[in-house]
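# Observations on the three-dimensional arrangement
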Amino acid sequence: MTKRIKGSCTTILVGKNATIDGSTMIARNEDGYAPLNPEKFVVVNPADQPRHYQAVLSKFNLDLPDDPLRYTSTPDAVDGHGLWAAAGINSENVAMTATETITTNSRILGVDPLVDDGLGEEDITAIVLPYIHSAREGVKRLGALLEQYGTYETNGICFSDKDECWYFDSIAGHHWAAIRIPDDAYVIAPNRFNIDDFDFDSDDTLFASDLPTIIDQYHLNPDRDRVDLRHIFGSATIKDTRYNNPRAWYGQKYFNPEIEQDPFDQDLPFICRTQKKISIEDVKFVLSSHYQNTKYDVYGSTNTDAEKKLVRPIGINRNQELHILQIRNDVPAAIAGIHWLAYGPNTFNAVIPFYANVTDTPTQYKNTTEHYSQGSQYWLSYLLATFGDYDFSLFEDQENIFEENTVAACRHLQIEADEKSSSESALSDYLETVNQQMADISFNNSNKLLGQMIDLAAPLMKLQFTLHD
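Let us look at the structure shown here. (Residues numbered from 1 in each chain as written. Predicted model: local features only at pLDDT ≥ 70, side-chain atom pairs only at ≥ 80, totals over all residues. Heavy atoms only, no water.)

The full count for this structure, using the stated rule, is 26 aromatic pairs. Ring centres of Phe200 and Phe207 lie 4.8 Å apart, and the angle between their planes is 85 degrees; this geometry places the pair in the edge-to-face category. By relative accessible area, which is 22% here, Phe207 ends up partly exposed. By the ring-pair criterion, three or more aromatic residues cluster together here, those being Phe41, Tyr343, Phe354, Tyr365, Tyr372, Tyr378, Trp379 and Tyr382. In this structure, Lys239 is placed above the aromatic ring of Tyr243, and the distance from its NZ or CZ to the ring centre is 5.1 Å. (Phe/Tyr/Trp six-rings, centres within 6.5 Å; stacked < 30°, edge-to-face > 60°. Buried < 20%, exposed > 50% of the residue type's maximum accessible area, 1.4 Å probe, protein only. Lys NZ or Arg CZ within 6 Å of the ring centre and 35° of its normal.)

Structure below.
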């Protein structure tokens, strides 16, 4: 069997009636298997999309359709273990993020074993996103591919368009289920099987055609009076109580502080609702969180070392990139898709609203090297996070100001660009210019923050001796 690497991400979905501006949002921390796994931000134009796809981590391959759509992508910057396109928005304003590594159990794996030569996370975005014209179509295409070729791992995948958000759980080797997130709802999904209550007769669910049959035939349902896919196909392990469940708990605590829940609860709800309208900033905060204002905060000053290490943070040193894929409903379709992006551990970065209707991406975000180099936003973001981790409380205020000012400046550019876009004859070129301006703001402000951190840290170095003269 091929040795394969896995990430362990955190995903958020928000329906259009739950957001502050009526857009749909799907978002994810792409967390690597190790702290450093360089990423880049690119556009795959139709001429660059292969017509035959060959996986690196398995023997899986297939011929692809001859009419791919253009799409944004955040693949690995270093060749060798697969493409890992991760997430993007295509030219039809359909967004996709793949994948959230999820758990399963021995009962379903006994029925439907994993397929060593099947497809996996490295492949999924590149063979689905360029060929779909709606979120629902994305679910159906991926489901058909899984049924035909199988998979060697189980994953959660998200799709969205201007109207719908869908969450997709792959189930063992060839099976799958997906559910449309209600327009007024949000979801926090960690690394476990996430879909709970499921109605096979609903127009808002899709699934492998024989899924109800195998549940009955192989006696997979432990519940007497409900169909809970997490109970049927997922796990409820001790690891879930420390690694997965607390992330859902904290996100739900942030959006619904009025509800008291246990961070170790195995049955935290999947689909949630809140009276507060959810913003980009809210999603970024949750995906950056280290359990602020709780006893589990790794940077806390009043909790014990044991409490700090008890549960897995959401913002972590293995964050490689954070994306929020937003499809707006209050602007023309040509500027509706926004690929918000930040690199590195999320405690010391800012998420930037890049227009998706472009054919190229900013230099600092595109030309990521294998090892540290100047001029790379990925490496600069990692430098800030690594430096800042040594004394978080010393730098916290500067980081907060940096993030607020950077996002505000980019939002101002976005407002101006939205207003000017209708008069631009070469719209894609214009949006590329705006994206580059945003990248410059991010890069320059990041360097400014680094300078501020040095100013604060240098007087505290241990390598000193004062003569008082």
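As for its position among the elements, Ser235 is in the loop between α5 (229-233) and α6 (238-255). Taking the relative accessible area as the measure of exposure, Ser235 reaches 10% and is therefore buried. The residues touching Ser235, leaving out its near neighbours within four places in the chain, are Thr103, Thr104, Arg192, Arg230 and Asp240. A distance of 2.8 Å separates polar atoms of two side chains, one belonging to Ser235 and the other to Thr103. (Helix = DSSP H or I, 4+ residues; strand = E, 2+ residues; numbered from the N terminus. Contact = heavy atoms within 4.5 Å. Polar contact = N/O pair within 3.5 Å; in protein donor to acceptor, adjacent residues only side chain to side chain.)

Below, the discussion takes up unusual backbone geometry. For the peptide bond that leads from Ala98 to Thr99, omega is 15 degrees, which places it in the cis range. Its location among the elements puts Thr99 in strand β8 (residues 95-101). Here the phi dihedral of Trp84 falls at roughly 55 degrees; this positive angle occurs in a residue that is not glycine. Taking relative accessible area as the criterion, Trp84 reaches 7% and is therefore assigned buried.

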